[in-house]
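A structural walkthrough
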Amino acid sequence: MAPAVGPRRPGSLAPILSGTLCLLHIAGQVCGDQSQGAVFLREFTLIRRESLHDDFLSDLLNSHKIEDASSRTARSEEDRDTLWDAWGPWSECSRTCGGGASYSLRRCLSSKSCEGRNIRYRTCSNVDCPPEAGDFRAQQCSAHNDVKHHGQFYEWLPVSNDPDNPCSLKCQAKGTSLVVELAPKVLDGTRCYTESLDMCISGLCQIVGCDHQLGSTVKEDNCGVCNGDGSTCRLVRGQYKSQLSATKLDDTVVAIPYGSRHVRLVLKGPDHLYLETKTLQGTKGENSLSSTGTFLVDNSSVDFQKFPDKEILRMAGPLTADFIIKIHNVGAADSTVQFIFYQPIIHRWRETDFFPCSATCGGGYQLTSAECYDLRSNRIVADQYCHYYPENVKPKPKLQECNLDPCPARWESTPWTACSSSCGGGIQSRTVSCVEEDIQGHVSSVEEWKCMYTPKMPIVQPCNIFDCPKWLAQEWSPCTVTCGQGLRYRVVLCIDHRGMHTGGCSPKTKPHIKEECIIPTPCYKPKEKLPVEAKLPWHKQAQELEEGAVVSEEPSFIPEAWSACTVTCGVGTQVRMVKCQVLLSFSQSVADLPVDECEGPKPVSQRACYAGPCNGEISEYNPEETDLLYGGLQDFDELYDWEYEGFTECSESCGGGVQEAVVSCLNKQTRETADESLCVTSRRPPKLLKSCNLDPCPSRWEIGKWSPCSLTCGVGLQTRDVFCSHLLSREMNETVVLADELCHKPKPIIVQACNRFNCPPAWYPAEWQQCSRTCGGGIQKRDVLCKQRLADGSFLELPETFCSAPRFTNQQACKNEDCPHEWHLSEWTQCSTSCGEGIQTRSAVCRKILKSGESVTVNSSLCPPLPFSSSVQPCMLTACARPSRPSPKHSPHITAIRKIYIQTRKQRKLHFVVGGFAYLLPKTSVVLRCPTRRFRKPLITWEKDGRHLTSSAHITVAPFGYLKIHRLKPSDTGTYTCSAGPAQEHFVIKLIGGNRKLLTRPLGLRVEEEASPVRKNMPNEALRTQEKHQNGIFFNGSKAEKRAPTVDPGSRYDEIVSRLLELRGWPGELFTSWEAQDSTERNISSEEDQNPEQALLHLPFTMVTEQQLLDDLLRNISQQPEELRDLYSKHLVAQLAREIFRTHLEHQDSFLKTTEGRAHPVAIPPHKHVSGFSSSLRISSPGSSGEMKSDQPHRKPVILRKISAAQQLSASEVVTHLGQTVALASGTLSVLLHCEAVGNPKPTITWARNGEEVQYSDRILLQPDDSLQILAPVEADVGFYTCNASNVLGSDSVSIAVTLAGKPLVKTSRLVMTNTDLPVVTVDVGSVIKTIQGVNVTISCQVAGVPEVEVTWFRNKSKLAPLHHLQDGSLSITNVSFSDQGLYSCRAVNLHGEVTENTQLVILDPPHPPSQVEDMKALLSANGPNFPSVLTSPLGTQLVLSPGNSAILGCPVKGHPMPNITWFHDHQPIATSAEPTYSILEAGQILQITNISGGSQGEFSCLAQNEAGRLVQKASLVIQEYWWSVDKLVGCSASCGNKGVQQLQLKCVLNSTEVNPSYCAGKAKPAVQPVACNRRDCPSRWMVTSWSSCTRSCGGGVQTRRVTCQKLKATGVSVPMSNDVCSQLAKRPVDTQACNQQLCVEWAFSSWGQCNGPCIGPRLAVQHRQVFCQTRDGISLPSEQCSALPRPVSTQNCWAEACGVHWRVSLWTLCTATCGNYGFQSRRVECVNNRTNKPVPEHLCSWRPRPANWQRCNITPCENSTFQPKRVLCSIPAGLRVQRAAPRPRAPWLVIWNRFL
């Protein structure tokens, strides 16, 4: 007995070996059962196409698994073209891990053989097995341990890698040399060889690639990547040599990292290897490798071989830890270790996503970067990790455009105009317009309203509001005398608003610089007649400061500097040039003018000078000597003089520049340049300028400054403006911007990365999540993470401890409002019964949740009314046990209808079905039906209030389950019970009195009066009735009602009905007292005693509702608090009444419209019950169908509807009335269709079939009674036959269907109905409906067929839910919209076939203005971007234009179908108008008018119309002029002084209304004069002169300036003030400052080096020296510090004897051939010294070309065809080796000198 199989392990054999075999028949039959495992079969080999084995058929028969045919997949296209069935499902895998095989089969559907194979294989379970699973081949061997071999048990071990038959199961007995083949083939999925993925399938070895696919030849690369290219790892090889000592016995050979593969180390020598490991988790280990074997070290297999003189270590990998290979010194000799392995590249570059866009609109840029990624830890690391691997190439950043959507409109301004005044305050203006920029960067003007979201920039501003230059007088000098009368001087300067000494002051207002002064001290010598002049220093200072004029825009005398004094001691002469000059503001250049152009006195051009005493004499300056010197001054004939020598380079390369003449001091005799000090300064000629390079500049790129970096760290972006421009005028600095393509040079970059360094860690909050509540408080949360923005723009998430700043809040209260009032419901109570049907209730409280989250209880009236079923619901537990209850499959069943009926109008007869309640008017006859199943109708019995009923004069009990009560009276109220065996159903009848009150039964009324015949004839029945009464079976047979009643169950709805009847607002005619009926009502039906219009208004109508609805209402009321119950019940009853009345009106409206529009019959088909409140009762036909009497009133025709089955008088003749369906059979010979109509005058009867008039013939006859007879009916006679009755007052029609053998028939219409005003539309199916939205559409699908036809509706071929259907098969679509458009199909189906008819519903949308006009504005802009435009509107718009302009009018309109647009001008079609000139664009939506004149004014309107309606929109064009008007004064240009003015501002007006100034462009402006303002004294302030020149050019110098306190008067005069006055107002400016602080630097150099550089010529070499930058103190500096100075040379040529060399050549050798192409000759070339004539190294001669050392020779054709090489005999010098080429056909022997090659 075989041992029990243990639990299945991964990869185990238990399910395989224990599986049973099943034979598969060739035809596909399956025998046996296979409950476990799978034995694989083969048909053809997958790779090796060897011949089939003989046992193939047996394998096929014995190995097939049972297959369910339903599990097969669908046949492919290829299978359909062949004889094969579809492939079956894949079988279970042969192994659970380690790689197994699975197969799939298919059947041959032909009796013949099919081409191809019927089995296919695939690999499966390609996951590694756990270590404890063991070897799969070993498991198969061990499975035979329990089977005796030659009578003995063995423990079998696998024999692997058999080269002859690797797929046979060969095993070796443990401990012996016995090898046995235990099975001819191993199980499928067994590896062929231990080191290969190839597997055995059906005993054959199949190739398996590293992708685990059969037949794949894909291999792993050295990195272990399947089909890889070896780029993910690197080869590491090396050699280690031990350098151990007695103190160092151990050393590290190499560290092999985690994941390395193909490791091999070979140690040669006496030393020993051992291992140290470290896992990724940090666990360390050590292995001594003491013996040969295979070990598992940290889950990595290690193969170690130890030999006497060497050790070999192999690890296939991948390593699961870091291995450190170490060596231990055990011998005196050194050891060497060679190692090789493949190391994984664990750090790789990874390209990041694009950074955020630099711009949110209008086109920006975004960059990518690269990050170094650790493949082991899946983290981003520092870049240096990736730089460690040379194989890693960092991806270059990518740049792409983004956010190309155009930006919103913006304000754009032109440059400011030139200021109207150069000082003292002026104004300047500019134009501001609203522009849009598209994606290409093109800017276009748009309407100003598009820019109104931002404030408009100012168009006028003040300018040059600084004060004009003014004269400033300094303090007076001391008096020139110490007694008596003298003179004093002062300095008068022209000071600008900055306190600088400048020009531009008027000479007329200049204060005097000299005045008399009197010293009160008396003098002891005679008084002089004239004041004494000041000594030279004061006089000179006053004159120099006074005359230091600056060229201004007003012509003025400009003196140059004085020349040097003509003597070195004593009194001499100084001269200078004085010119009349003016500053040209447009070119900022100085022009010389004639002297008479300058006003005022001309400054002197010569003066006396005193150079100090001669020979130590002390001499006093005498003014009289000066006068003598001035008078005796002669012209000097100097040796040196100034002359012009050419011009400087042009200041500009294009667009107009200037050149200045070069003035040099020349020796007149030698014409050589001399020092400028030798020429008289005063004679220096003036500047001479001339224009140059006047050609216009080409277009060029204008580059703006880089914007600030968008981020302070991480990686930000900088942008700059780059545009193509063209310089128009350099004087005006006027440029124009061009398109980019007009600049030919590459466009400079406009974006660059910046601040590329890591940011410090910081908190980054995410977006707030949605609030936990929509109202009434709540919280919202967000994530706040500690991140670091890296230099590449990415974010690195860090632990929270890295962020030191306070963390942002991650939770906050929501800011929402109070919740609306709502009901809060409790849990449902337990079911009221323990079995069967019961109810559950729950309480309701009206509550409100405040925005603070607090919940408060409020009055229940504030909450909306609860639905009827919100507080009460039915519940159903297990069915109650009923002993001896018959099986429901065989017990009788009564089909009851649970409804409540309320009669509202007088009717002769009403039909009901048991199961409901009826509240009826007296004198109404009632027919009560009791439909049963599985019960014979003659056995049905009736009871009233528990008493058995039999037929009488008042009550008729019909033998087929009917009960008829003639003319109800109060005694008929009660509960009527229908019994069918054990099944019972009830019907309760109540009467309604004339005062809308329910009638109660009279107290004295005895039932015995009616039941006496019953008691006489059937005494036993009375007893049975009594028993039923005692058993308490009162109401509908339900379990809850069979308990002993405490209240009459038939009265539970009385209160609700009473309340309904008491409500006001019902139509008065609904409840007409039954006592008011006159005697005519007993003889004439209700259709006959009224005129036709009233007949339609007083159709029989009974309100019908479901009992469940009233039950829910009662339960809901019962659950309310006692104090609210009455109020709540009134509310619910009123709501119920509104629903009843609304449904009543809707049904009456649709019924009346249907009757009037389509002349449908007024009779209601029988047995058609409609849910809700509807007319569901049938009316009996009138008692007479004869003609109307002449004395009766006139009335419209009415066709009498007789509801009766078609009578078959014989097998071949059918007679029927209207309203029925006739099914033609093969034996039908005649069909007679009756049509009876009443009316006065007598109606005329006509017949139509399918809407077309019937053509009478000998086969289709019209009988005298207006009946239609069809003889020998054929298929063409099938259809709907309509009887039309008409007279002068109207018409009526009713249809009857004639079908063929009962096949479905659909009444259709092919009309196209267009509706634009009716709220309700009803058509027959087959029509096309075009209607507006919001209409209720009913599509009638009147069908016929035997048996009854089932109707299904579809929309666009998708089935519609039944809730859209009406009871008669019609489809109702309420409040239609565009989503309801489509094709509606009515499909009629019965046993004999099906018919489908379609109706297309098209929704019309009348023309109307669209809600959004952006698209229309875009059209206007596209068709006329620079034209004024306006949109028409229903109320009218206006556009004001100037004459000659063009305009665009838009007609925004929407509708379906798209409206047609017609344009009118002054109510006339524009096509008929002579003016204006127009174009109609965009399908009429745009009207373009050009060259507008007076005749173009007026109203323009567009008429848009389609099938749904029309729309007129208007716009008016008005032609008006714009002009400039004086507006107001602008601010004063100065706050004080005498230069303040106010300019008048102009505005552009239209009809006295200010408009955009652009409208007045080109209009003449009125002349305006400025107005003086703020003419008052200015406060005192400090005035400063310009800084003097620096005293030193480097190393630190000093500059000085003069600082004075001045006050500007209202007259324009500047008055000196005390320094204390200005000190109180402002701090005194400094008058001294340091300058030129930079170091004084110079180039220094060392001495020249030796002349030993490379030879550059005959006896020429190169020598070098060092050149460095230093201070004058000898301190070394970087070379950049001296870059402004000319740098000395550091290399020069020098004379070198070693460079005296030349090339020496020998004579050419003899040619190796006399002819042909193979001859050559050689010579010796060597470099020799010129002096010694000895060879020297060839590089010394490299400065000149080396001569050739061989050449071809004798290149001439040989005369003979066979070439004979010339043998050359040569002597071989000693030391030279000769090579002889092997002889080849047709080739000479070559002797080649190695030296020359």
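Predicted model, so just to flag it, every value in this text is computed and none were measured.

Another point: the overall build of the protein. Secondary structure summary: the protein contains 15 helices and 121 strands in total. Scored against the burial criterion, the 1797 residues of the protein give a buried share of 37%. Put simply, 62% of the contacts in the protein that link residues at least 6 apart link residues at least 24 apart. Entry remark: accessible area of the protein is about 102,000 Å², with carbon and sulfur atoms responsible for 52%.

A few words on the environment of G1444. Relative to the helices and strands, G1444 is located in the loop between β92 (1437-1441) and β93 (1447-1450). G1444 sits 50 residues away from G1494 along the chain, and the two C-alpha atoms are 9.5 Å apart.

Our next topic: the nonpolar core. Counting residues in each nonpolar core, the largest one holds 27 residues, and the members touching the most others are F912, V914, L920, L928, W942 and F987. At the level of secondary structure, the elements contributing two or more residues to this core comprise β57 (909-913), β58 (917-920), β59 (925-929), β64 (962-965), β65 (974-980) and β66 (983-991). Aside from chain neighbours lying at most four places away, what touches F987 is Y901, F912, V913, V914, G915, G916, F917, A918, L928, G974, T975 and Y976. Y919, I992, I1056 and I1117 belong to the second largest nonpolar core, which has 26 residues in total.

For the coordinates displayed, the defined rule picks out 44 disulfides. Shown here is the disulfide that connects C665 with C679, its sulfur atoms set 1.8 Å apart. Note on the C665 and C679 pair: the S-S dihedral is about 90°, so by sign convention the disulfide is right-handed. Linking C665 in strand β38 (residues 657-667) with C679 in the loop between β38 and β39 (689-692), this pair joins segments that are 14 residues apart in sequence. The two residues C665 and C679 agree in class, both being buried.

With that settled, the discussion passes to the sheet that holds β58. Strand order in the open sheet formed by 7 strands is β62-β61-β65-β66-β58-β56-β67, and the pairing between neighbours is mixed. The two strands at the open ends of the sheet, each matched to only one other strand, are β62 (947-948) and β67 (1102-1106). For strand β61 (residues 941-944) and β65, the ladder comprises 4 bridges, and the chain directions are antiparallel. Its bridge partner lying in β65, T941 is registered against S979.

Under the defined criterion, the tally for this structure stands at 7 aromatic pairs. Consider the rings of F912 and F987, whose centres lie 5.4 Å apart with planes at 40°: the pair is tilted. Here F987 lies in strand β66 and F912 lies in strand β57, a separation of 75 residues in the sequence. Neither residue differs from the other here; F912 and F987 are each classed as buried. Counting every residue linked through ring pairs, the aromatic cluster contains Y901, F912 and F987.

Tracing the backbone shows S94 in the loop between α3 (77-81) and β1 (100-105). Accessibility expressed as a relative area gives 6% for S94, which makes it buried. A polar atom in the side chain of S94 sits 2.9 Å from the backbone oxygen of D188.

Residue N1240 is joined to P1241 through a cis peptide bond whose omega torsion reads 5°. That bond from H1456 to P1457 is cis: its omega, -5°, falls within 30 degrees of zero. Secondary-structure assignment places P1457 in the loop between β94 (1454-1456) and β95 (1460-1465). Even without a glycine there, the phi angle at N403 is positive, about 45°. Among the structural elements, N403 can be located in the loop between β22 (399-402) and β23 (410-413). For N403, a relative accessible area of 36% puts it in the partly exposed group. Located in the positive-phi region is H1467, a residue other than glycine, with phi close to 65°. Following the sequence through the fold, H1467 ends up in the loop between β95 and β96 (1468-1469). By relative accessible area, which is 62% here, H1467 ends up exposed.

Let us now look at the sheet that holds strand β21 (residues 379-381). One open sheet holds the 3 strands; their spatial order is β18-β20-β21, and the pairing between them is antiparallel. Whereas interior strands pair on both sides, the edge strands pair on one side only; in this sheet they are β18 (347-351) and β21. Put simply, the sheet's adjacent strands are angled 50° from each other on average, direction ignored. For β18 and strand β20 (residues 370-374), the ladder comprises 5 bridges, and the chain directions are antiparallel. The partner of H347 across the bridge, within β20, is D374.

As a further point, take the pairing of strand β41 (residues 714-719). Counting buried residues along β41, 5 of its 6 residues qualify, which places the element largely inside the surrounding structure. Where β41 meets strand β44 (residues 751-757), 5 bridges bridge the pair, whose relative direction is antiparallel. In the sheet register, G714 faces β44, and the bridge partner there is F757.

Note that W768 resides in the loop between β45 (762-765) and β46 (779-781). Residue class for W768 comes out partly exposed when judged on its relative accessible area of 28%. Counting along the chain gives 43 residues from W768 to Q811, while the straight-line C-alpha distance between them is 8.6 Å. Discounting residues that sit within four places of it in the chain, W768 has contacts with Q780, K781, R782, T809, N810, Q811 and Q812.

As a further point, take the confidence of the model for the protein. Per-residue confidence for the protein gives a mean pLDDT of 77, with 80% of residues at or over 70. Contacts from residues 1-73, a stretch scored under 50 in pLDDT, to residues over four places away or in other chains number 143 contacts. When the criterion is pLDDT under 50, residues 1204-1211 qualifies, and its contacts beyond four places in sequence or with other chains add up to 11 contacts.

Conventions we followed
- Residues numbered from 1 in each chain as written.
- Predicted model: local features only at pLDDT ≥ 70, side-chain atom pairs only at ≥ 80, totals over all residues.
- Heavy atoms only, no water.
- Helix = DSSP H or I, 4+ residues; strand = E, 2+ residues; numbered from the N terminus.
- Buried < 20%, exposed > 50% of the residue type's maximum accessible area, 1.4 Å probe, protein only.
- Contact = heavy atoms within 4.5 Å.
- Areas by Shrake-Rupley, 256 points an atom, 1.4 Å probe, with all protein chains shown as cover.
- Core = buried A, V, L, I, M, F, W, Y, C linked by side-chain atoms within 4.5 Å.
- Disulfide = S-S within 2.5 Å.
- Pairing = 2+ DSSP bridges.
- Phe/Tyr/Trp six-rings, centres within 6.5 Å; stacked < 30°, edge-to-face > 60°.
- Polar contact = N/O pair within 3.5 Å; in protein donor to acceptor, adjacent residues only side chain to side chain.
- Axes fitted to C-alpha atoms, helices over the stretch in contact; angles between N-to-C directions.
- pLDDT = per-residue confidence, 0-100.

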